[in-house]
Amino acid sequence: MQTFEVKAFGTESAESALKQINIKRRTATPKDVEIDILFCGVCHSDLHTAKNDWGGTVYPAVPGHEIVGRVTNVGSEVTKFKVGDMAAVGCIVDSCRTCESCKKDLEQYCLPGFTGTYNGKDKHLGGRTYGGYSEKVVVDEHFVLKVPENLDAAATAPLLCAGITTWSPLKHWNVGPGSKVAVVGLGGLGHMAIKLAKGLGAEVTLFSRSPEKEKDAKELGADGVVISTDSAQMKAVSGQFDLIIDTVPYVHDVNEYVPTLGINGTIVLVGYLGPLDPMLNSVPLIMGRKSVAGSVIGGIAETQEMLDFCGKNNIVSEIEIIKIQDINEAYERMLKSDVRYRFVIDMTSLKN
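Residues numbered from 1 in each chain as written. Predicted model: local features only at pLDDT ≥ 70, side-chain atom pairs only at ≥ 80, totals over all residues. Heavy atoms only, no water.

S.K.: If you had to explain the packing of helix α4 (residues 162–172) against helix α5 (residues 188–199) to someone new, which residues and values would you point to?
M.R.: At a closest axis distance of 8 Å, the pairing of α4 and α5 adopts a crossing angle of 50°. Relative to α5, the element α4 is oriented oblique. In this structure, α4 meets α5 at a crossing whose hand is right-handed. Across from A162, G163, T165, T166, W167 and L170 in α4, the residues of α5 making contact are G188, L189, M192, A193, L196 and A197. Grouping the constituent residues of the contact of α4 with α5 by class yields eight nonpolar, four polar and no charged. (Axes fitted to C-alpha atoms, helices over the stretch in contact; angles between N-to-C directions. Helix = DSSP H or I, 4+ residues; strand = E, 2+ residues; numbered from the N terminus. Parallel < 35°, antiparallel > 145°, perpendicular 65-115°, else oblique. Left-handed = near helix turned anticlockwise from the far one by under 90°. Contact = heavy atoms within 4.5 Å. Nonpolar A, V, L, I, M, F, W, Y, C, P; charged D, E, K, R; others polar.)

S.K.: Before we move on, can you summarise the pattern of salt bridges with the specific residues and values?
M.R.: Under the criterion given, the structure shown has 24 salt bridges. The partner of D94 in a salt bridge is R97, and the shortest N-O contact between them spans 3.1 Å. Under the relative-accessibility criterion, R97 is labelled partly exposed at 36%. The partner of K351 in a salt bridge is E135, and the shortest N-O contact between them spans 3.9 Å. One end of the pair, K351, is in the segment after β17 (342–346); the other, E135, is in the loop between β7 (115–116) and β8 (136–140), with 216 residues separating them in the sequence. Judged by its relative accessible area of 40%, K351 is partly exposed. By sharing partners, the salt bridges in this structure join K195, K215, D216, E219, E318 and R340 into a single network. (Salt bridge = Lys/Arg side-chain N within 4 Å of Asp/Glu carboxyl O. Buried < 20%, exposed > 50% of the residue type's maximum accessible area, 1.4 Å probe, protein only.)

S.K.: Outline α4, listing residues and values.
M.R.: With nine of its eleven residues buried, α4 lies for the most part within the structure. Considered for burial, the residues of α4 that qualify are A162, G163, I164, T165, T166, W167, S168, P169 and L170. The elements touched by buried residues of α4 are β10 (180–184), α5, β13 (241–246), β14 (261–269), α9 (300–313) and β17. Positive phi appears at N174, one or two residues downstream of α4, with a value of about 55°.

S.K.: I'd love a proper account of empty space enclosed by the protein, names of residues and values included.
M.R.: Considering all chains together, one arrives at two cavities of 30 Å³ or more under this definition. Taken as a whole, the largest cavity holds about 70 Å³ of empty space. Lining the largest cavity are G90, C91, I92, L145, L160, I164, I297, G298, I300 and T303. Grouping the amino acids of the lining of the largest cavity by side-chain chemistry returns seven nonpolar, three polar and no charged. Volume-wise, the second largest cavity comes out at about 40 Å³. Forming the boundary of the second largest cavity are T49, V58, P60, A61, V62, P63, Y118, N119, R128, T129 and Y130. The residue inventory of the lining of the second largest cavity, partitioned by class, reads seven nonpolar, three polar and one charged. (1 Å grid on protein atoms, 1.4 Å probe; cavity = no way out; pocket = protein on both sides within 12 Å on 5 of 7 lines; lining within 4 Å. Points joined across faces, edges and corners; volume = space filled by probe spheres on them.)

S.K.: Explain the pairing of β8 residue by residue, including any values.
M.R.: Most of β8 sits out of view: five of its five residues are buried. Judged from the five bridges that link them, strand β3 (residues 32–41) and β8 form a sheet pairing that is antiparallel. The partner of V33 across the bridge, within β8, is V139. (Pairing = 2+ DSSP bridges.)

S.K.: Pulling in residues and values, what's your account of the side chain of D32?
M.R.: Tracing the backbone shows D32 in strand β3. Look at D32 and you get buried, because its relative accessible area is 1%. Side-chain polar atoms of D32 contact the side chain of T29, separated by 2.9 Å. (Polar contact = N/O pair within 3.5 Å; in protein donor to acceptor, adjacent residues only side chain to side chain.)

S.K.: I'd like a description of the sheet that holds strand β11 (residues 203–208), backed by residues and values.
M.R.: With parallel pairing, six strands are arranged side by side in an open sheet as β12-β11-β10-β13-β14-β15. The open sheet has two free edges, formed respectively by β12 (224–227) and β15 (291–294), since each of these has just one partner strand. Sheet twist, expressed as the mean angle between neighbouring strand axes with direction ignored, is 25°. In terms of strand pairing, β10 meets β11 through five bridges, oriented parallel. Bridge assignment links V184 to a residue of β11, and that residue is F207.

S.K.: So what about the packing of α4 against α9? Which residues, and what values?
M.R.: Where α4 meets α9, the axes come as close as 10 Å, and the angle between the chain directions of the two elements is 100°. Classified by the interaxial angle, the pair formed by α4 and α9 is roughly perpendicular. Counting all contacts with α4, which are made through G163, I164, W167, S168 and K171, the residues of α9 involved are E302, T303, E305, M306 and F309.

S.K.: With reference to specific residues and values, describe the layout of surface pockets.
M.R.: Empty space within the second largest pocket amounts to approximately 330 Å³. Lining the second largest pocket are 24 residues, with R26, D122, H124, T129 and V138 sitting closest to its centre. Contributions of two or more residues to the lining of the second largest pocket are made by β2 (19–26), β6 (92–94) and β8. The dominant element in the lining of the second largest pocket, judged by the number of residues it contributes, is β8, at four residues. A class-by-class count of the residues in the lining of the second largest pocket yields six nonpolar, seven polar and eleven charged.

Encoded structure:
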């Protein structure tokens, strides 16, 4: 297969800083869309992969799965895109397309496993896929998304991960007018959960340990804020919520939120990967037919649905734009939660 070389930012080991490298992209096949990357969001998953926190990273690694750019070339069989279109790529660039999950537009749950935008198995070139910290990306049109032209391109980028990660459970649990939704944690995921739940017509509450988050939460659309360390405030919302979106990315006590669910209510974990500690107490679950669930990103059709919804309702992420040369500093700041609420790389800085 023919290839061409592009600039990228990647890392060669878990201990190394990200730096400029050159990588190869495949020349567009008949089904492919070639995209000149304008903006790429910075996700916690990028950092975890670069540092091999989850194990399995193959180096060199080029992160980035919140990609927005302009189409520069299309294969001869492409029907959905033309040169000049705004396009996006999220966390998935391929899947088996034949399993029961894929047939139901649930590529994120592809039974053999989907191909991640970075550090996935590259079916075309061998080795691993490279992400959006690069000049260009080439992706099968099935996994390329249309970006509403009215949306700010930079602020749209985090929708491709933070947005769909919170949209998917909101839709799965049928959130709409009359729903009562709570969000645990106000960060990259949490602020999008508030915006999207409010956009769907729900009454939205933020659970936070930080009283100073109240002003931001209400500006984002939250109807109320509950300080989770205040037992009186927690008791006051007992049995209230239909759905709780838990965005906290580290181990924490889920049990304290379960009593605030109503009958048949669900708390869905979208931020933390790993065993619960302390362990889950089943008594309040059984006594109220309550559920603790998990959810990960969304399928391609669902992601397009979210982008279209955001276009109609002018919903985008709150961002800070950085140059690619500042990515290592951004990672350090991200570890300190020193961003409101998502870094987005201006990828034109890579051309300098």
